[in-house]
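# Topology and contacts: notes
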Amino acid sequence: MSITRFAPSPTGYLHLGHAFAAKVARESGEQFLLRFEDIDHTRVRSEYYTAIEEDLRWLGLTWQGTPWRQLDRLPIYNDALQKLKALGVVYPCYCTRSEIEAELAELGNAPQGPEGPLYPGTCRDLLKKLDREPAWRLHWQKASERVGDLTFNDSRHGLQQVNPGLLGDVILARKDIGTSYHLAVVVDDAAQQITTVTRGEDLLPSTHIHRVLQALLDFPEPQYLHHRLILDDQGNRLAKRHDALAIRQLRELGLTPEQVFQRL
Ligand code: GLU
């Protein structure tokens, strides 16, 4: 049986872009699950969980079972991190954001990824532990040597060769919460037996990292569908600040769910 999911962050109301993403997910499988990606805990507000569920129901995009919350699952992400530590493919990083920026400025021509400059590797070969909580980063070269060549299959973009260094040594465990988007999403997709991962094409680079993590953690490989993004009239990505396109605003304006979907 094919299983898909919609994984919003409860840091704002659902907007048209979310409605599209949820609809794509719902239509891509037989079972449809809802998962709250709430590890950005300082930006999460409790009313958004309920509002998101309400809006999805109003749109007719109902899910099966009780929605998962990532904040309930921190020990499980930690188990996965311990496995990666045992494999020797992660390392502690003590850098602050401003230290990284200073280092990058000094380097001048730091390697660039699709989302900006890559981590310059300051802590990669650090011999001593410091007396404060570190973040944990993927050592992408060691990871890549372990897993060898990988691919993933995307229904829109075709077969993709994994480039494990695309995002550099990404953070897998933030020091404040002990996990990151990349680690949590991979662990949860495996735990919920998601067969088809649908998400916006802005996340295509992340999928390269996710395939590496799946291979390291012995998780199955899902099918992917990176869908187009819904843009505003100026061609910009929709963001939480686009209140005018929030589903609840459109509902209050008297639109029906059918009319909302027509706007997509
Ligand atoms: N939480 C992510 C978002 O809101 C979803 C990422 C994913 O589906 O992997 O876009």
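Our subject is the structure that appears above.
Residues numbered from 1 in each chain as written. Predicted model: local features only at pLDDT ≥ 70, side-chain atom pairs only at ≥ 80, totals over all residues. Heavy atoms only, no water.

## Considerations on the sheet that holds strand β3 (residues 68-69)
In space, the three strands of this open sheet follow the order β1-β2-β3, with parallel pairing throughout. Here the strands that pair on one side only, and so sit at the sheet edges, are β1 (3-6) and β3. The sheet contact formed by β1 and strand β2 (residues 31-36) spans four bridges and is parallel. Across the sheet, residue Thr4 finds its bridge partner in β2, namely Phe32. Relative to the sheet, helix α1 (residues 16-27) contacts β1 and β2, its axis offset from that of β1 by approximately 170 degrees. Lying over the sheet, helix α2 (residues 46-59) contacts β1, β2 and β3, oriented at roughly 155 degrees with respect to β2. (Pairing = 2+ DSSP bridges. Helix = DSSP H or I, 4+ residues; strand = E, 2+ residues; numbered from the N terminus. Contact = heavy atoms within 4.5 Å. Axes fitted to C-alpha atoms, helices over the stretch in contact; angles between N-to-C directions.)

## Section: the site of the ligand
The immediate surroundings of the ligand are formed by Arg5, Ala7, Ser9, Glu37, Tyr181, Val185, Arg199 and Leu203. Within the side chain of Arg5, one N or O atom sits 2.8 Å away from an oxygen atom of the ligand. Contacts to the ligand include Glu37, whose side-chain N or O atom sits 2.7 Å from a nitrogen atom. Protein contact buries 75% of the 300 Å² of open area that the ligand shows by itself. Tallied by class, the residues present in the shell around the ligand amount to four nonpolar, one polar and three charged. (Near = heavy atom within 4 Å. Polar contact = N/O pair within 3.5 Å; in protein donor to acceptor, adjacent residues only side chain to side chain. Areas by Shrake-Rupley, 256 points an atom, 1.4 Å probe, with all protein chains shown as cover. Nonpolar A, V, L, I, M, F, W, Y, C, P; charged D, E, K, R; others polar.)

## Focus on α1
With twelve residues, α1 extends 16 Å between its outermost C-alpha atoms, agreeing within 8% with the 16 Å of an ideal straight helix rising 1.5 Å per residue. By the criterion of burial, α1 is predominantly enclosed, with nine of the twelve residues buried. Along α1, the positions that sit buried rather than exposed are Leu16, Gly17, His18, Ala19, Phe20, Ala21, Ala22, Val24 and Ala25. (Expected span 1.5 Å × (residues − 1). Buried < 20%, exposed > 50% of the residue type's maximum accessible area, 1.4 Å probe, protein only.)

## Looking at the pairing of strand β7 (residues 135-138)
Neither face of β7 is exposed, since Ala135 and Arg137 on one face and Trp136 and Leu138 on the opposite face are all buried. Bridge analysis of strand β4 (residues 90-93) against β7 gives four bridges, and the strand direction is antiparallel. Paired with Val90 across the bridge in β7 is Leu138.

## Quick notes on helix α7 (residues 204-216)
Its 13 residues give α7 an end-to-end C-alpha distance of 19 Å, which sits within 8% of 18 Å, the value for a rise of 1.5 Å per residue. In terms of burial, α7 is largely enclosed, as twelve of its 13 residues are buried. If you check which residues of α7 are buried, you get Leu204, Pro205, Ser206, Thr207, His208, Ile209, His210, Arg211, Val212, Leu213, Gln214 and Leu216. Asp218 lies just past α7 and shows a positive phi near 60 degrees.

## Digging into the sheet that holds strand β10 (residues 171-173)
Taking strand neighbours across the sheet as the criterion, the three strands line up as β4-β7-β10 in an open arrangement whose pairing is antiparallel. The sheet terminates laterally at β4 and β10, the two strands that pair on one side only. Strand after strand, the sheet turns through a mean of 45 degrees between neighbouring axes, direction not considered.

## Observations regarding the pairing of strand β9 (residues 158-161)
The sheet contact formed by strand β8 (residues 151-154) and β9 spans four bridges and is antiparallel. By the bridge assignment for β9, Phe152 is matched with Gln160. What sits between the antiparallel neighbours β8 and β9 is a turn of three residues.

## Observations regarding the packing of helix α6 (residues 181-191) against α7
Relative orientation of the contacting elements α6 and α7 amounts to 55 degrees, with a least axis distance of 10 Å. Viewed along their axes, α6 and α7 adopt a mutual orientation that is oblique. Seen from above, α6 lies across α7 with right-handed handedness. Here Tyr181, His182, Leu183, Val185 and Val186 of α6 come into contact with α7, specifically with Ser206, Ile209, His210, Leu213 and Gln214. A per-class count over the contact of α6 with α7 returns six nonpolar, four polar and no charged. (Parallel < 35°, antiparallel > 145°, perpendicular 65-115°, else oblique. Left-handed = near helix turned anticlockwise from the far one by under 90°.)

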